[in-house]
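Structural overview for review
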Amino acid sequence: MRSQEPRSSSSCAACKFMKRRCTLHCLFAPYFRADEPKKFAKVHKVFGASNVTKILNEVPEPQRQDAVNSLVFEAEQRLKDPVYGCIGAIASLQDKMFQLQHDLAVAKARLARCSTRTSYPSCSTTSPFSMLDGEFGMTSFDAFVVDQGCGLTTELRQHPFP
Amino acid sequence: MHRFHKLDKMTSTRCAVCKYFRRRCPPDCIFAPYFPNDNPQRFTCVHRFYGASNIGKMLEEMPVQLRADAVESLYYEAKCRIQDPVYGCVGIITSLHRQIQIAQSQLAKAQAEISFLDANFVGVEPTSSLSESLVQQNGVEHDLDDPFSTWFY
């Protein structure tokens, strides 16, 4: 017998792509099904199979599906935008966040003005809405991004890179 | 002496990539402008996830003027992946999505409150233009929703 391991009846997408035998304990098989060949092709093009193997081996098994999903997403973004990849998406979302924060500040100022100028005696108590929680319950965006610790704060606000 | 002088010259001008691979750094090395030899950590960080040959292919396929930004973005993504091996920078994107959804919800409530006050109070200045502009800006135009709603929620 050439091999002790039984031959898999169906190779996973990774082993099919790399034209190798897919074993029972193939690391890729649970995450790259045979009916999703493009998924592995994208990840392979950006990261390479050996790097994906290392990344998955560093992650606990229960979290590997999420890790693969994030790698697939990053690969797709990189293929769509070879220069900025996911960073372009982050910069775009940050811009939208800053715009929303500005709009909320404007709305809050307007509401404060309305409540001081209106002639309705008990507007603040009869309003059907009860969302005014100081800063609208939002955490500071700057604090959030800094906490991620990746240095993506002020640089990305103006331009992805200085 | 001549041999050592030549070796010193080669060593001092090698980029971080060629130094890592212990090879001669040619004058037209594609990596040299972006991986200087005084910052070896930058390359090891990127190489850990992408591999030098993939990085080289990516750089070759794009105009020269965009390569610096491409290397920066690869470096940021690699740093994110080191900090969060499971989600990498995708974790930041999902968190931003959540914060944007919260902010949109709060903004919608504020707009409704403003409209209520406008409709019921006397002497309040017209606000239709502000409300309308806020409503128009409420939508988030991006195509990143579907992957996250499928995976993480």
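Residues numbered from 1 in each chain as written. Chains lettered and ligands numbered in written order. Predicted model: local features only at pLDDT ≥ 70, side-chain atom pairs only at ≥ 80, totals over all residues. Heavy atoms only, no water.

**Let's talk about the overall build of chain A**
Each helix and strand in chain A was counted, giving eight helices and zero strands. For chain A, with 162 residues in total, the buried portion stands at 42%. Excluding contacts between residues fewer than 6 apart, the proportion of contacts in chain A whose partners are at least 24 apart in sequence is 53%. When the accessible surface of chain A is totalled, it reaches about 8,900 Å², and 53% of it is carbon and sulfur. (Helix = DSSP H or I, 4+ residues; strand = E, 2+ residues; numbered from the N terminus. Buried < 20%, exposed > 50% of the residue type's maximum accessible area, 1.4 Å probe, protein only. Contact = heavy atoms within 4.5 Å. Areas by Shrake-Rupley, 256 points an atom, 1.4 Å probe, with all protein chains shown as cover.)

**What about unusual backbone geometry?**
The backbone of A:Lys19 sits at a positive phi, close to 55°, despite the residue not being glycine. Within the secondary structure, A:Lys19 is located in the loop between α1 (13–18) and α2 (37–46).

**Let's talk about the nonpolar core**
With 48 residues, the main nonpolar core has A:Phe28, A:Phe32, B:Phe31, B:Phe35, B:Tyr50 and B:Ile55 as its most contacted residues. Looking at this core, the elements that each hand over two or more residues are α1, α2, α3 (49–57) and α4 (64–80) of chain A together with α2 (16–20), α3 (40–49), α4 (52–60) and α5 (64–83) of chain B. At five residues, the largest contribution of residues to this core is made by α4(A). Aside from chain neighbours lying at most four places away, what touches B:Phe31 is B:Cys15, B:Val17, B:Arg23, B:Ala52, B:Ile55, B:Gly56 and B:Leu59. A:Cys86, A:Leu104, B:Leu96 and B:Phe121 belong to the second largest nonpolar core, which has 26 residues in total. (Core = buried A, V, L, I, M, F, W, Y, C linked by side-chain atoms within 4.5 Å.)

**Brief notes about the packing of aromatic side chains**
The description of two aromatic rings rests on the distance between their centres and on the angle between their planes. Counted by the stated rule, this structure contains 10 aromatic pairs over all chains. Arranged with centres 5.2 Å apart and planes meeting at 15°, the rings of A:Phe47 and B:Tyr50 form a pair that is stacked. Remark: B:Tyr50 occurs in the loop between α3 and α4 and A:Phe47 occurs in the loop between α2 and α3; the pair is interchain, linking two chains. Of the residues examined, A:Phe47 reaches a relative accessible area of 2% and is grouped as buried. Under the relative-accessibility criterion, B:Tyr50 is labelled buried at 2%. Pairwise contacts between aromatic rings join B:Tyr20, B:Phe21, B:Phe31, B:Phe35 and B:Phe43 into one cluster. In this structure, A:Lys39 is placed above the aromatic ring of A:Phe32, and the distance from its NZ or CZ to the ring centre is 5.8 Å. (Phe/Tyr/Trp six-rings, centres within 6.5 Å; stacked < 30°, edge-to-face > 60°. Lys NZ or Arg CZ within 6 Å of the ring centre and 35° of its normal.)

**Brief notes about the layout of surface pockets**
The rolling of a water-molecule-sized probe over the atoms marks out the regions of remaining empty space. The volume enclosed by the largest pocket comes to roughly 310 Å³. For the largest pocket, the lining is made up of 13 residues, of which A:Lys45, A:Leu79, B:Lys57, B:Met58 and B:Glu61 are closest to its centre. Only α2 and α4 of chain A together with α4 of chain B provide two or more residues apiece to the lining of the largest pocket. Split by residue class, the lining of the largest pocket holds six nonpolar, three polar and four charged. (1 Å grid on protein atoms, 1.4 Å probe; cavity = no way out; pocket = protein on both sides within 12 Å on 5 of 7 lines; lining within 4 Å. Points joined across faces, edges and corners; volume = space filled by probe spheres on them. Nonpolar A, V, L, I, M, F, W, Y, C, P; charged D, E, K, R; others polar.)

**Overview of the pattern of salt bridges**
Residues and elements named next belong to chain A. Inspection of the entire model under this criterion finds eight salt bridges over all chains. One salt bridge in this structure joins aspartate 35 and arginine 33, with 3.1 Å as the shortest N-O distance. Among the residues examined, arginine 33 registers a relative accessible area of 45% and is labelled partly exposed. Its salt-bridge partner being glutamate 76, residue lysine 42 comes within 3.0 Å of it at the nearest N-O pair. Within this pair, whereas lysine 42 is found in helix α2, its partner glutamate 76 is found in helix α4, the two being separated by 34 residues in sequence. Overall, lysine 42 belongs to the partly exposed group, its relative accessible area being 27%. Given a relative accessible area of 26%, glutamate 76 falls into the partly exposed group. Put simply, Arg33, Asp35, Glu36 and Lys39 are held in one network by salt bridges that share partners. (Salt bridge = Lys/Arg side-chain N within 4 Å of Asp/Glu carboxyl O.)

**Topic: the confidence of the model for chain A**
Per-residue pLDDT for chain A has a mean of 77; in total, 66% of the residues score no lower than 70. Throughout residues 1–8 of chain A the model reports pLDDT below 50, and contacts reaching past four residues in sequence, or to other chains, amount to five contacts. (pLDDT = per-residue confidence, 0-100.)

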